[in-house]
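Read off the chains here:
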Amino acid sequence: MTMTISNPVEPAIVSVENVRHFYQKGGANDLLVLENVDLILRENEIVSLLGRSGSGKSTLLRIIAGLMPASAGRVEIGGRPVDGPAPEVAMVFQSFALFPWLTVLENVEIGLEAQGVHAAERRKLALAAIDLIGLDGFESAYPKELSGGMRQRVGLARALVVHPAVLLMDEPFSALDVLTAETLRTDLLDLWCEGRMPIRSIMLVTHNIEEAVLMSDRILVFSSNPGRVIAEIKVTLPQPRNRLDPAFRQIVDDIYARMTARVVGAASRDGAFPGTGIGMILPHVSTNILAGLMETVNGPPYDGKADLPALASVLQMEIDDLFPIAETLQLLRFAEVEGGDIRLTDAARKFANGEVDERKKLFGQHLLSYVPLVSHIRRVLDERPSHKAPKARFQDELEDYMSEDYAEQTLHAIISWARYAETFAYDEAAGVFSLENPT
Ligand code: ADP
Ligand code: MG
């Protein structure tokens with residue numbers, strides 16, 4: 001369809017081979033974040049790494065840029081192994097990371113100072129980058145005087161000013177409002193397609209499926225826990241692309257299906273969430289939101305089964321919002337998620353049609369049956385004569401399996417679920433669980 005955008009005979013600029021990465025957690029359980037990651041970035045292409053939050057995308061990008069070493073494996077840029085900050089790459093981050101006390105011009109020049117470029121040349125290159133990226137007239141403004149979109153343009157100018165071979169972008173549009181993000185994407189694509197940027201290829205990290213389809217020649221779909229490339233999708237639609245084009249929608253649907261296929265694969269093992277048994281890391285999704293999704297899918301036009309991309313678009317949710325809800329429903333056996341669809345179970349339909357008391361009762365039954373941590377806490381409370389137990393007891397137990405933050409998040413989730421279902425109570429001030437409302 002297009003001319004030669006994604007030509008497989010283009011030489012590789014970046015190659016990542018068999019990269020694994022662990023984060024040390026102090027305890028016995030290191031966190032495996034990346035496993036056997038292999039990928040190649042070629043000249044003249046935009047490649048997206050598409051994955052959910054926490055899947056290790058930023059970690060991989062930092063490793064490619066030489067900002068940190070991988071635990072194992074090999075990264076090469078331009079045929080040379082990376083073993084420190086790589087001069088051929090520049091990064092753009094989600095948060096703009098500008099120096100507030102420097103002007104736009106000075107913020108852009110900073111990129112060149114480290115390279116020892118002398119002052120006159122620095123200024124010339126910085127002005128050219130500022131002009132290219134649509135910031136002329138703002139040279140002497142300070143970051144606080146700029147909108148988010150303009151600040152991200154400064155971030156881009158600062159990356160481009162060094163004329164890197166490779167531009168690495170880590171969710172560069174996700175802190176911007178919808179319209180600003182779209183303008184910046186379009187401007188960037190125009191510059192790229194017209195060959196006006198002093199770079200040879202782009203790697204874009206994103207959790208937004210449509211953004212990946214809009215911008216990339218190839219999409220690498222990343223799994224979570226641990227992060228790994230599970231699919232490669234070539235997008236040959238010509239630029240500029242139209243989100244409403246049926247061919248575009250088809251690719252989006254296909255990616256949803258691939259990403260939810262992983263969910264089901266993981267669920268058959270130990271739930272979609274990392275860990276097993278009481279050591280499962282749970283997301284904090286409120287019962288209101290869970291009930292809301294069940295009601296929505298139960299009602300017309302869905303009648304119990306919905307296409308996730310369609311639902312995401314109606315509810316204006318991204319995968320990082322929608323997937324944890326769908327997966328929590330799946331964990332609780334209120335839904336099955338497969339092939340990009342969500343289908344409510346009979347219990348969920350009963351829930352959606354039920355009155356408050358019936359809902360609470362159903363939810364409580366499912367919590368006790370399918371969330372091991374809930375049944376564990378409930379058992380401890382049942383067995384103790386006082387029917388009370390301090391939170392610290394369970395926190396310690398959880399921290400054998402997960403970090404302090406995840407333990408906190410997981411307890412937070414089950415406290416709010418159990419409170420709704422009146423499975424047990426929790427006194428925030430005292431930090432104590434109890435059977436205040438034994439059911
Ligand atoms: P993503 O960019 O896809 O959201 P990250 O690479 O930021 O993912 O993180 C992947 C996982 O590694 C997450 O579980 C995160 O909590 C963990 N992590 C990230 N950075 C560190 C760190 N410096 N130390 C320990 N754990 C980390
Ligand atoms: Mg990240």
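To be clear, the structure that these remarks concern was listed above.
Conventions we followed
Residues numbered from 1 in each chain as written. Chains lettered and ligands numbered in written order. Predicted model: local features only at pLDDT ≥ 70, side-chain atom pairs only at ≥ 80, totals over all residues. Heavy atoms only, no water. Helix = DSSP H or I, 4+ residues; strand = E, 2+ residues; numbered from the N terminus. Rg over C-alpha atoms; globule rule 2.2 N^0.38 Å. Buried < 20%, exposed > 50% of the residue type's maximum accessible area, 1.4 Å probe, protein only. Contact = heavy atoms within 4.5 Å. Areas by Shrake-Rupley, 256 points an atom, 1.4 Å probe, with all protein chains shown as cover. Lys, Arg positive; Asp, Glu negative; His and termini not counted. Charge placed at Lys NZ, Arg CZ, Asp CG, Glu CD.

With that out of the way, let us pick up the overall build of the protein. Summing up its helical and strand segments, the protein has 15 helices and 16 strands in all. Its C-alpha radius of gyration of 25 Å places the protein within 12% of the 22 Å reference for a compact globule of 439 residues. Taken over the C-alpha atoms alone, the protein extends approximately 80 × 50 × 45 Å along its principal axes. Across the 439 residues that make up the protein, the buried fraction comes to 51%. Long-range contacts, defined as pairs at least 24 residues apart, comprise 68% of the intrachain contacts of the protein with a sequence gap of at least 6. Put simply, the protein shows about 20,100 Å² of open surface, and 50% of that area lies on carbon and sulfur atoms. If the 42 positive side-chain charges of the protein are averaged to one point and the 60 negative ones to another, these points end up 2 Å apart.

Cis geometry is found at the peptide bond from asparagine 225 to proline 226, where omega equals -5°. By the secondary structure assignment, proline 226 is in the loop between β9 (218-223) and β10 (228-234). Geometrically, the link from proline 300 to proline 301 is a cis peptide bond, its omega value of 0° lying close to zero. Tracing the sequence through the fold places proline 301 in the loop between α8 (287-298) and β11 (305-307).

Scope: geometric values only; no functional claims are made or implied.
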